[in-house]
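Residue-level listing of the chains:
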Amino acid sequence: MLDVVWLIPAFPLAGFALILLFGRRLGDPKAGYLATLMCGAAFVVTAGVFFDLLSHSAEEREHVDTVFSWVPLGSLQVDMAFLADPLSITMCLFVTGIGTLIHLYAVGYMHGDPRFSKFFLYLNLFAVSMLLLVLGENMLVTFLGWEGVGTCSYLLISFWHERESAATAGKKAFVTNRVGDWGFMLAMFFAFQATGTLSYIGVNEAAGTMAQSTATAIALLCFIGAVGKSAQLPLYLWLPDAMEGPTPVSALIHAATMVTAGVFLMCRMSPILDAASSYAPTIIAIVGVATALFAATIAVAQNDIKKVLAYSTVSQLGYMFLAVGSGAYTAAIFHMVTHAFFKALLFLGSGAVIHGMHHEQDMRRMGALRKVMPVTAATFIVGWLAIAGVPPFAGFWSKDDILLAAYDKSPVLWILGLVTALLTAYYMTRQVIMVFYGEARWHDAHEEHGAHGDADPHESPAIMLLPLVVLAGLSIVGGGLNLPFSHTTERLAVWLEPVIGLHESETAKVPLAVIATVVALLGIALSVMVYAKHKAKPVEPQVLAEGWYYDRTVSRFMGGPGRKAFDAAAWYDATVVDGGVNGVGRLVRGTAQRIRTVQSGNVRNYAAAVGVGVVLLLAWFVVVRGSL
Amino acid sequence: MQLFVFICAGLMILAGAVGVVTRSHPVHAALSLILTLFGVAVLYVAQEAEFLAAVQVIVYAGAIVVLFLFVIMLLGVDKVEDLRVEPFRLQRKVAALVGGGVIGLIVFAAISSRDNIGQVPPAQSDAVAAVAVLNPHDSNIRSLARDLFSDHVLAFELTSVLLVIAVVGTVLLARRAPKSNAETST
Amino acid sequence: MSAVAEPTTTWYLVLAAVLFGIGTVGVLVRRNPLIMLMCVELMLNAVNLSFVALSRKLGDIGGQTTVFFVMVVAAAEVVVGLGIIVAILRRKPNATSDDLAELKG
């Protein structure tokens with residue numbers, strides 16, 4: 001099974017090709033089922049590879065499957081090759097698994113959309129790119145996948161491109177990502193220059209011998225790429241806007257998979273990060289926790305159901321980077337997996353709510369929906385408990401691992417992480433109460449704008465509910481992956497150890513776990529008091545609702561001095577570069593025009609020219625050679 | 001005696017040449033040409049190339065110039081060329097330069113190598129050794145014929161082909177376009 | 001008679017050179033196509049003259065053979081050239097070579 005690792009991205013690629021050729025003919029819903037089937041097939045192959053890896057001993061769990069030689073350029077030899085090791089297969093498992101569930105959900109969600117098959121075309125293309133990113137044996141294949149997911153993100157965010165806000169959001173995502181990609185590219189150049197190879201195995205092995213400044217540079221440049229892709233400060237601003245895309249897109253790309261690519265990259269390059277000077281991980285940890293806190297404060301004041309989840313994603317990604325910066329790579333991956341479960345669940349649940357509310361997204365116009373959508377409400381509540389960090393749901397265990405690592409790094413980071421956990425519990429409870437409890441506020445809204453039908457909100461079809469239930473189940477038991485009680489229960493850590501090492505901690509785990517639980521429950525209690533019992537006024541200041549005016553500041557900068565710079569660059573291109581190129585053309589034309597006058601058509605002129613040539617020739621013979 | 005012949009023939013040649021170049025009436029120019037050709041024929045005889053002298057008079061002066069005169073008569077070239085006008089300003093200066101250059105350089109070459117005529121550079125001596133051995137008692141025409149029909153017979157045949165082609169081609173070129181009933185000739 | 005100079009081969013070559021030069025000038029200066037063709041004949045004759053002179057000097061009959069061929073080809077050339085001139089002048093009577101500039105680039 002290890003030899004067919006290439007099948008994992010091949011299935012969605014085949015799906016992409018088939019839908020490209022026959023999508024319109026297949027239509028709604030066959031195209032969707034085809035895409036889901038392909039993603040599911042990839043999952044099956046991944047599972048097979050997983051079991052095959054398990055059958056090997058821990059040191060031998062690294063297999064490279066080379067498909068073809070991609071860039072054979074002298075000293076730069078890059079293959080299209082896939083690396084199947086615990087880290088990549090873990091990523092593949094949840095990418096393909098959750099991907100399949102979301103494909104299935106989307107078949108129901110996108111039913112009736114005129115561009116149904118195109119949606120699945122892009123989704124499958126995204127799956128291919130993400131799998132390339134994760135399975136890549138070298139930085140260039142990963143970069144190919146990196147750019148691919150960025151492109152698909154753009155295509156899918158602006159899927160409903162008739163809406164100008166959607167089109168703009170797509171462009172914003174793409175451009176912001178590009179800023180980060182610059183960092184990744186520079187990291188690749190540095191890595192190649194230092195080690196002569198782009199292969200992860202080669203680069204990571206050379207980590208021990210390379211100069212510390214080089215390792216630091218590579219690590220920090222990779223982090224810049226991660227900041228763009230995983231929406232950290234200061235490049236997070238594309239993610240809230242990306243909610244313009246259909247909800248399955250938000251669930252798949254902007255919660256479970258693409259945004260985790262940055263964390264994945266840092267874990268892949270963990271030997272380099274370990275070899276870098278100590279301020280590099282510190283920077284990463286600080287950026288992570290700052291982002292987490294920043295985004296959590298903004299989420300408290302959001303009224304759009306998806307925007308809350310978007311800022312929540314930014315915040316949780318900050319947690320993952322906090323873990324990476326604290327050296328606990330396993331904790332980051334663990335949280336990535338559990339976050340994928342519950343965040344996808346929450347997004348899909350919100351999608352079900354939006355779908356049932358006939359595309360109403362403002363939480364102020366919802367309320368008491370648990371009576372009308374019981375399954376959606378139940379699964380959403382599971383997701384809420386998981387993200388809030390209430391034991392024994394999955395989020396508690398992973399968040400706890402991160403907080404433990406943060407405490408080891410610095411108690412300040414731990415305190416900030418705790419405050420963020422408090423806020424997380426607070427705003428998520430707020431969301432649950434506003435949407436599912438309280439009084440039904442949707443009657444007034446319907447009278448107000450006589451909206452999209454007078455039917456009341458309804459539960460979603462089974463095809464959309466099934467993934468919700470599956471994900472809810474995973475959110476409950478997901479913690480079992482890495483229970484901290486003993487070495488045997490820390491399955492994930494042991495599994496990942498050959499790749500990213502083990503993080504041992506001396507600190508007592510139980511007191512920290514208890515404090516974390518108390519904080520979570522406190523957050524929930526506060527929120528219940530404010531929003532359910534109405535014992536206190538809600539604190540939702542304008543500054544938080546506007547995201548600390550960060551977006552506006554950036555826009556003003558880009559529109560002002562930024563615009564001038566762009567205009568200058570455009571002027572330079574049009575005048576200097578184009579002028580140069582066109583100038584060459586004009587020069588040639590002008591010269592040709594002048595030379596053209598020689599062709600007078602007149603025999604005597606031609607004869608004269610011949611005569612002059614003859615004289616010159618004779619002169620050469622006689623004078624230079626001395627005789628005719 | 002030789003000198004006298006040379007000088008007379010030379011004068012004829014040069015006078016005829018200058019006449020061709022300067023006479024504005026084409027018929028006068030043709031007659032000057034005949035003068036030149038005749039002078040050249042005289043020099044051929046002086047150089048013991050009698051056959052060629054005969055051919056020169058018969059073919060060149062007798063056929064070619066007659067052809068020229070036919071065409072002049074046929075086309076009725078009455079309007080003579082005005083030699084005082086020259087549309088291209090530089091043309092006469094360039095012509096002078098070219099003419100002077102050519103004459104000067106060749107004369108210079110001829111004079112500076114007058115002692116070396118016939119001396120072949122060592123590299124080519126083998127080729128020259130294959131020169132046909134002349135029987136000094138043969139007449140000019142006999143030795144010419146010997147050379148023509150042995151060493152150059154292929155070229156001889158090809159020139160016959162060339163003549164046929166020239167005749168056929170010219171007949172085609174000079175044909176009037178076929179007229180239909182409705183057209184009038186231009 | 002005192003010893004006068006015999007005309008040597010060099011004299012012939014010089015004469016041929018002068019004839020050639022006059023012919024060249026004629027081609028460049030005259031506008032009537034017939035006369036231009038006559039000047040070309042002058043140049044050919046100059047060449048023939050030098051061939052014959054050198055043939056005598058070197059004792060090689062090949063020079064005279066060459067002159068023979070030059071005469072044949074010159075005849076053919078004049079025939080074709082006159083045919084062309086007839087064809088052209090039939091359309092444009094009194095055309096000079098300056099008027100025939102349709103290959104102007």
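Residues numbered from 1 in each chain as written. Chains lettered and ligands numbered in written order. Predicted model: local features only at pLDDT ≥ 70, side-chain atom pairs only at ≥ 80, totals over all residues. Heavy atoms only, no water.

Draft legend 1. The arrangement of the interface of chain A and chain C in detail. Taken together, the contact between chain A and chain C spans 10 residues of the former and 13 residues of the latter. On the chain A side of the contact with chain C, A:G601, A:N602 and A:R604 bury the most area, a combined 52% of that side's loss. Taken together, the links from chain A to chain C amount to 1 salt bridge. A salt bridge links A:R604 to C:D98; the shortest N-O distance between them is 3.1 Å. The interface formed by chain A and chain C contains 4 residue pairs in polar contact (both at pLDDT 80 or more). By residue number, the principal contributor to the side of chain A that touches chain C is helix α24 (residues 603-625) of chain A, which donates 5 residues. The residue inventory of the side of chain A that touches chain C, partitioned by class, reads 4 nonpolar, 4 polar and 2 charged. (Contact = heavy atoms within 4.5 Å. Buried area = accessible area lost by both parts, 1.4 Å probe. Salt bridge = Lys/Arg side-chain N within 4 Å of Asp/Glu carboxyl O. Polar contact = N/O pair within 3.5 Å; in protein donor to acceptor, adjacent residues only side chain to side chain. Helix = DSSP H or I, 4+ residues; strand = E, 2+ residues; numbered from the N terminus. Nonpolar A, V, L, I, M, F, W, Y, C, P; charged D, E, K, R; others polar.)

Draft legend 2. Geometry of the packing of helix α14 (residues 329-356) of chain A against helix α15 (residues 374-388) of chain A. Residues and elements named next belong to chain A. Interaxial distance between α14 and α15 falls to 9 Å at its minimum, and their mutual angle equals 145°. Note on packing geometry: the crossing formed by α14 with α15 is left-handed. Contacts between α14 and α15 involve F342, K343, L345, L346, G349, S350, A352 and V353 from the first element and T376, T379, F380, G383, W384, A386 and I387 from the second. Of the residues contributing to the contact of α14 with α15, the split by class is 9 nonpolar, 5 polar and 1 charged. (Axes fitted to C-alpha atoms, helices over the stretch in contact; angles between N-to-C directions. Left-handed = near helix turned anticlockwise from the far one by under 90°.)

Draft legend 3. Expanded view of a negative patch on the surface. Side chains of A:D408, A:E497, A:E504 and A:E506 sit close together on the surface and give a patch of like negative charge. Among the structural elements, A:E497 can be located in helix α20 (residues 491-500). (Patch = residues over 30% accessible without salt bridge, like charges linked within 9 Å, V, L, I, M, F, W, Y side chains within 5 Å. Areas by Shrake-Rupley, 256 points an atom, 1.4 Å probe, with all protein chains shown as cover. Lys, Arg positive; Asp, Glu negative; His and termini not counted. Charge placed at Lys NZ, Arg CZ, Asp CG, Glu CD.)

Draft legend 4. Representation of helix α1 (residues 9-29) of chain C within the structure. The terminal C-alpha atoms of α1(C), which comprises 21 residues, lie 30 Å apart, in line with the 30 Å expected from a rise of 1.5 Å per residue. Among the 21 residues that make up α1(C), 16 are buried, leaving the element largely enclosed by the rest of the structure. (Expected span 1.5 Å × (residues − 1). Buried < 20%, exposed > 50% of the residue type's maximum accessible area, 1.4 Å probe, protein only.)

Draft legend 5. Up close: the packing of aromatic side chains. Residues and elements named next belong to chain A. The full count for this structure, using the stated rule, is 22 aromatic pairs over all chains. Seen in terms of ring centroids, F50 and W495 are 5.0 Å apart; in terms of plane orientation they differ by 75°. Their pairing is edge-to-face. You can see F50 sitting in helix α1 (residues 7-55) and its partner W495 sitting in helix α20, a full 445 residues away along the chain. Given a relative accessible area of 10%, W495 falls into the buried group. With 5.4 Å between their ring centres and 80° between their planes, F143 and F184 make a pair best called edge-to-face. In this pair, F143 sits in helix α4 (residues 139-157) while F184 sits in helix α5 (residues 164-195), placing the two residues 41 residues apart along the sequence. (Phe/Tyr/Trp six-rings, centres within 6.5 Å; stacked < 30°, edge-to-face > 60°.)

Draft legend 6. Highlighting the environment of A:G99. Residue and element names in this part refer to chain A. For G99, the position within the fold is in helix α2 (residues 86-109). Assessed through its relative accessible area of 2%, G99 is described here as buried. G99 sits 56 residues away from F43 along the chain, and the two C-alpha atoms are 8.9 Å apart. With residues near it in sequence (within four places) discarded, G99 still touches C39, F94 and L252.

Draft legend 7. Examining a nonpolar patch on the surface more closely. All names here are of chain B. Nonpolar side chains collect at one region of the surface, where F149, V153, L154, L158, V161 and I165 lie side by side and expose about 590 Å² of accessible area between them. In terms of residues, the nonpolar patch owes the most to one element, helix α7 (residues 153-173), which gives 5 residues. Relative to the assigned elements, V161 resides in helix α7. Judged by relative accessible area, V161 falls into the partly exposed class, the value being 44%.

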